[in-house]
Amino acid sequence: MDIGSGQAWPSNALSNFAPHGFFFDGVECASMEGLLQSFKFDKFHIQVEVCKLVGIKAKRRGQKRNKAWKSKQMLWWKGEPILRQSQEYQDLLDRAYAALAKNKNFQKALLATGNARLVHTIGRSKMAETVLTEREFCSRLEKIRAQLQQG
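Now for a description of the structure that goes with this document. (Residues numbered from 1 in each chain as written. Predicted model: local features only at pLDDT ≥ 70, side-chain atom pairs only at ≥ 80, totals over all residues. Heavy atoms only, no water.)

1. A closer look at the packing of helix H6 (residues 87-100) against helix H8 (residues 134-150)
1) Next: Interaxial distance between H6 and H8 falls to 11 Å at its minimum, and their mutual angle equals 45°. The pairing of H6 with H8 is recorded here as oblique in orientation. In this structure, H6 crosses over H8, and the sense of that crossing is right-handed. Contact residues: Gln90, Leu93, Asp94 and Tyr97 in H6; Glu136, Phe137, Arg140, Leu141 and Ile144 in H8.
2) Next: Class assignment of the residues belonging to the contact of H6 with H8 gives a composition of five nonpolar, one polar and three charged. (Axes fitted to C-alpha atoms, helices over the stretch in contact; angles between N-to-C directions. Helix = DSSP H or I, 4+ residues; strand = E, 2+ residues; numbered from the N terminus. Parallel < 35°, antiparallel > 145°, perpendicular 65-115°, else oblique. Left-handed = near helix turned anticlockwise from the far one by under 90°. Contact = heavy atoms within 4.5 Å. Nonpolar A, V, L, I, M, F, W, Y, C, P; charged D, E, K, R; others polar.)

2. Describing the pattern of salt bridges
A side chain of one charge can pair with a side chain of the opposite charge when the charged atoms of the two come close.
1) Next: For the structure on display, the rule yields six salt bridges.
2) Next: Note that glutamate 49 and lysine 52 form a salt bridge whose closest N and O atoms lie 3.4 Å from each other.
3) Next: Glutamate 49 sits in the partly exposed class, given a relative accessible area of 46%.
4) Next: Residue lysine 52 is classed as partly exposed on the basis of its relative accessible area, which comes to 48%.
5) Next: The partner of arginine 84 in a salt bridge is glutamate 136, and the shortest N-O contact between them spans 2.6 Å. One end of the pair, arginine 84, is in the loop between strand E4 (80-83) and H6; the other, glutamate 136, is in helix H8, with 52 residues separating them in the sequence. (Salt bridge = Lys/Arg side-chain N within 4 Å of Asp/Glu carboxyl O. Buried < 20%, exposed > 50% of the residue type's maximum accessible area, 1.4 Å probe, protein only.)

3. Regarding the nonpolar core
1) Next: Counting residues in each nonpolar core, the largest one holds 36 residues, and the members touching the most others are Phe24, Leu35, Phe39, Trp77, Tyr97 and Leu141.
2) Next: Among the secondary structure elements, those contributing two or more residues to this core are helix H1 (11-14), strand E1 (22-24), strand E2 (27-29), helix H2 (32-38), strand E3 (74-77), H6, helix H7 (104-111) and H8.
3) Next: Counting residues per element, this core draws most heavily on H6, which supplies seven residues.
4) Next: When near neighbours in sequence (up to four residues on either side) are disregarded, leucine 141 contacts Ile3, Leu14, Tyr97, Phe106, Leu110 and Leu118. (Core = buried A, V, L, I, M, F, W, Y, C linked by side-chain atoms within 4.5 Å.)

In structure tokens form, the structure reads like this:
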């Protein structure tokens, strides 16, 4: 199943663009896209604002910081620098998706995929080019789905 905002349900509801609200480290997030884009900003008060954005608005806000983070391969959370290709960043992503997984509508959509293989064909595969590769994204969704299926 190809995950994407332009796809039919449940695929579109699993997109990072989907408006699933959740709290992450005490910060209110309106979508996973808002949180992911916030990682590109080194100032926490800006991160909080970006976390409130959904879909294309969040993506466009973060695009302004692509050159800056890519040149140093550095992302941030709560003002703290995190190397993109570090275990610390992978742990941050794990915690972020665990927080999203508490959203009941997200859970419902994820369970509706059954045992389908999840892909994200518009996603990138090189860590240096994106804050979330296709593999990082889909593997986390599949792991959460397996946990939900086990009850």
